[in-house]
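Listed below, chain by chain, are the residues.
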Amino acid sequence: MDAFAYANPATLSEATALLASSLYDAQVLAGGTDLISLMKDYLLTPATVVNIKNIKELGGVAKGPGGLRIGATATFDELASSAVVKTEYPAIHAAVTGLTSPQLRNMGTAGGDLCQWPRCWYFRNGYGILAMKDGKSLVPGGENKYHGIFGGPAYFVSPSSLGPALIALGAKVTLANAAGKRTVDAAKFFVAPKDETTRGIDLQAGEILTEIVVPPAAGKNATYEIREREAMDWPLATASVCLKMSGGKVASAKVVLGHVGPVPVDSAKAAEFLAGKSIDEATAEQAGAAAVEGAKPLSQNGYKVQLAKVAVKRALLAVGKA
Amino acid sequence: MKDLKDPTQSTTGETPGKGFSRRGFLRGVGVSSGALTAGVLQNEAEAAETVNESANVSGPGEVPVTLTINGKAMKVSVEPRATLLDTLRNKLDLTAAKRVCDRGTCGACTVIMNGKAVYACTVLAIDAQGKQIQTLEGLSANGKPHPVSQAFVNNDAQQCGYCTPGFVVATKNFLDHNPNPTEEQVKQGLGGNLCRCGTYMGIRKAALEAAKTMGGGKNA
Ligand SMILES: Cc1cc2nc3c(=O)[nH]c(=O)nc-3n(C[C@H](O)[C@H](O)[C@H](O)COP(=O)(O)OP(=O)(O)OC[C@H]3O[C@@H](n4cnc5c(N)ncnc54)[C@H](O)[C@@H]3O)c2cc1C
Ligand code: FES
Ligand code: FES
């Protein structure tokens, strides 16, 4: 890890001023569970690290008239122990508690989860976001067991567990820089990279993610995760669903797959299929099949198609039961 | 690999660490404002100093840091990049927390910060100021092992022992928050620690025994 200066601003405007100045060549430090490792591996070499954990306005998890506000520096532990999240937003609760390590939950933040870098081993070994060597991606012909089935040209999978749940719930994300603030749909925050200038999220130079707002009464929702190991690993495939019901039938649905592509996959086909139907074993299974339509598995990850299908089915049945 | 920079945030374009760069320049301004000479850079330096003061910038050289460890205030001089783990082990002679993966993926370095288990390899020492830090060294009292340590011995809960200090601290913290766990809860609650030797069965038994000796364990 290269040496860096450490800034400890108390306000958002101090922090964005530091990030705005090229002189500081700064990176945001939240829980550090990803940033510190990236710096140790020289994947990020900032001259200044800007700690945002002491900026009060960036913290907290609270329900208000506008819905659930999740501050950027709210930890996974705070989310996991929030009663509102557990009862009204089980899709978020399941995504957060799927990360079993108490240490990671105590340190990792919601903002950091959305802004974490891909875990693709080619990226982590210095081949860039597209894993290129000699003008070609190393992934299709390489070790791609954990890569995307909805990829190309980027084959990494979006590592964020919160992402799919937030998209299913119609959440919005607010970003601030020295000039002001902007708010984007969680669905639009994730952007599949076409080249090395972007990294999968719409976080512009100098910006800090300040908060996430999940609208109220978002509908019945759930997340179902499938993991290879119970602890210390990312899921292989997940599905987050949110259903608005009317008279026992689906009025509108959101079905979002996680960890199968460079961005969470919001399946319009599954949503269309579910509209007007009641949830039973058969419809849940067919919705799963619809969700994976168009998947392009690589040489070693065909199994993810089946996992994603099953994740959708089980998430829907969980909602059906609730 | 070293030249790969964050494409979304880096705006300087210089290769870090090689020859002159704004980055190297900033090193000079960081804490010791008097060190500046080059006239051409005066304006940037002045701008930097204004932000430095308001936003509390320190480093990149060594800075004095006070850490509260096992109830004692300890003064140490570290660079901002120093992790809490390296500071404990290399500067404060507290070597119970182990450096294994050094990437927040194994738990061997677990310490308790403000009542919560964290990976010391992934916390900056400078960031740990003002927090109550508890390490394995602080668990035993009057020369007697902590009930969790004792339970690890009683249940043969280690082989090579490298993961053990981290597991003991994680178990202690888990029981502080869950005094009456079921075995399944123990399994989940220790999900932040890995043991390559596979001593999990012994560790789970030890956790349940310790829960009882500590006055809980009602669901075990
Ligand atoms: C063993 C292991 C298993 C894991 N399993 C999972 C899993 O199953 N699911 C999952 O979702 N995650 C998982 N993670 C990842 C973990 O959740 C993230 O590392 C964590 O959420 C990042 O948050 P942080 O606060 O520590 O971010 P940091 O490490 O501080 O920052 C990460 C990146 O985001 C930037 N950043 C952070 N906050 C902001 C902000 N507010 N505005 C702008 N930029 C910001 C930083 O500059 C940095 O580039 C796992 C991690 C490990 C080590
Ligand atoms: S050494 Fe810190 S988690 Fe492995
Ligand atoms: S006893 Fe050897 S790693 Fe756990």
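On a predicted model such as this, the values are computed, not experimentally measured, just so you know. (Residues numbered from 1 in each chain as written. Chains lettered and ligands numbered in written order. Predicted model: local features only at pLDDT ≥ 70, side-chain atom pairs only at ≥ 80, totals over all residues.)

## Some thoughts on the overall build of chain B
For chain B, the count of helices and strands is 7 helices and 6 strands. Helices and strands appear in chain B in the N-to-C order α-α-β-β-β-α-β-β-β-α-α-α-α. For chain B, the residues scored as buried account for 44% of the 220 residues in total. (Helix = DSSP H or I, 4+ residues; strand = E, 2+ residues; numbered from the N terminus. Buried ≥ 20, exposed ≤ 12 C-beta atoms within 10 Å, placed from the backbone.)

## As for the environment of Leu19 of chain A
All names here are of chain A. Topologically, Leu19 is positioned in helix 1 (residues 12–20). By C-beta crowding, Leu19 is classed as buried, having 27 other C-beta atoms within 10 Å. A C-alpha to C-alpha distance of 33 Å links Leu19 and Leu138, two positions 119 residues apart in sequence.

## Here's the deal with the pairing of strand 12 (residues 237–246) of chain A
Residue and element names in this part refer to chain A. In terms of burial, strand 12 is a largely internal element, 7 of the 10 residues being buried. In this sheet, strand 12 lies alongside strand 11 (residues 220–226) in antiparallel orientation, the contact comprising 7 bridges. Across the sheet, Lys220 pairs through a bridge with Leu243, a residue of strand 12. Where strand 12 meets strand 13 (residues 249–258), 9 bridges bridge the pair, whose relative direction is antiparallel. Residue Val241 lies in a different strand from strand 13, and its bridge partner there is Val255. What sits between strand 12 and strand 13 in their antiparallel hairpin is a turn of 2 residues, with Gly247 showing a positive phi close to 55°. (Pairing = 2+ DSSP bridges.)

## What about the packing of helix 5 (residues 164–177) of chain B against helix 7 (residues 200–213) of chain B?
Packed helices, taken two at a time, are described by the angle their axes make and the gap between the axes. Residues and elements named next belong to chain B. For the pair helix 5 and helix 7, interaxial distance at closest approach is 11 Å and the crossing angle is 45°. For the element pair helix 5 / helix 7, the angle class is oblique. Here the hand of the crossing between helix 5 and helix 7 comes out right-handed. The residues of helix 7 that touch helix 5, namely those facing Phe167, Thr171 and Leu175, are Ile203, Ala207, Ala210 and Ala211. Residue composition of the contact of helix 5 with helix 7, grouped by class: 6 nonpolar, 1 polar and no charged. (Axes fitted to C-alpha atoms, helices over the stretch in contact; angles between N-to-C directions. Parallel < 35°, antiparallel > 145°, perpendicular 65-115°, else oblique. Left-handed = near helix turned anticlockwise from the far one by under 90°. Contact = placed C-beta atoms within 7 Å. Nonpolar A, V, L, I, M, F, W, Y, C, P; charged D, E, K, R; others polar.)

## With respect to helix 5 (residues 90–97) of chain A
Residue and element names in this part refer to chain A. Burial of helix 5 is extensive: 8 of the 8 residues sit out of reach of the surface. Burial in helix 5 covers these residues: Pro90, Ala91, Ile92, His93, Ala94, Ala95, Val96 and Thr97. The inward-facing, buried residues of helix 5 contact helix 3 (76–80), helix 4 (83–88), helix 9 (162–168), strand 11 and strand 12.

## Remarks on the nonpolar core
Ranked by internal contacts, the top residues of the largest apolar core, which has 166 residues, are Val241 of chain A together with Ala120 of chain B. At 8 residues, the largest contribution of residues to this core is made by helix 13 (residues 303–321) of chain A. Not counting the four nearest positions on each side in its chain, Ala120 of chain B is found in contact with Thr83, Leu84, Leu85, Leu88, Ala97, Cys109 and Val111 of chain B. (Core = buried A, V, L, I, M, F, W, Y, C linked by C-beta atoms within 7 Å.)

## Some details on the domain arrangement of chain A
Residue and element names in this part refer to chain A. You can read the domains of chain A as domain 1 (1–55) and domain 2 (59–116 + 153–321). Spacing between the C-alpha centres of domain 1 and domain 2 amounts to 27 Å. Domain 1 puts 14 residues into the contact, and the matching count from domain 2 is 15 residues. At 6 residues, helix 1 tops the list of elements feeding residues into the side of domain 1 that touches domain 2. Class assignment for the residues of the side of domain 1 that touches domain 2 results in 8 nonpolar, 4 polar and 2 charged. (Domains from an automatic or database assignment.)

## Things to note about the domain arrangement of chain B
All names here are of chain B. Its domain assignment divides chain B into domain 1 (22–55), domain 2 (63–138) and domain 3 (147–213). Here the C-alpha centre of domain 3 lies 21 Å away from the C-alpha centre of domain 2. In this complex, domain 2 contributes 13 residues to the contact, which on the side of domain 3 involves 11 residues. For the side of domain 2 that touches domain 3, the leading source of residues is strand 4 (residues 110–113), giving 3 residues. Taken together, the residues of the side of domain 2 that touches domain 3 break down into 10 nonpolar, 2 polar and 1 charged.

## Describing the site of ligand 1
Close to ligand 1 lie 34 residues; Gly31, Gly111, Gly112, Cys115 and Ser161 of chain A are nearest. Neighbouring residues of ligand 1 are not confined to a single chain but are spread across chains A and B. Elements supplying a minimum of two residues to the shell around ligand 1: strand 2 (26–29), helix 6 (102–107), helix 7 (110–115) and strand 10 (208–214) of chain A. When residues of the shell around ligand 1 are assigned to their parent elements, the largest contribution, 4 residues, is made by helix 7 of chain A. Residues belonging to the shell around ligand 1 are distributed by class as follows: 17 nonpolar, 14 polar and 3 charged. Two domains each provide a minimum of three residues to the shell around ligand 1, namely domain 1 (1–55) and domain 2 (59–116 + 153–321) of chain A. (Near = placed C-beta within 6 Å.)

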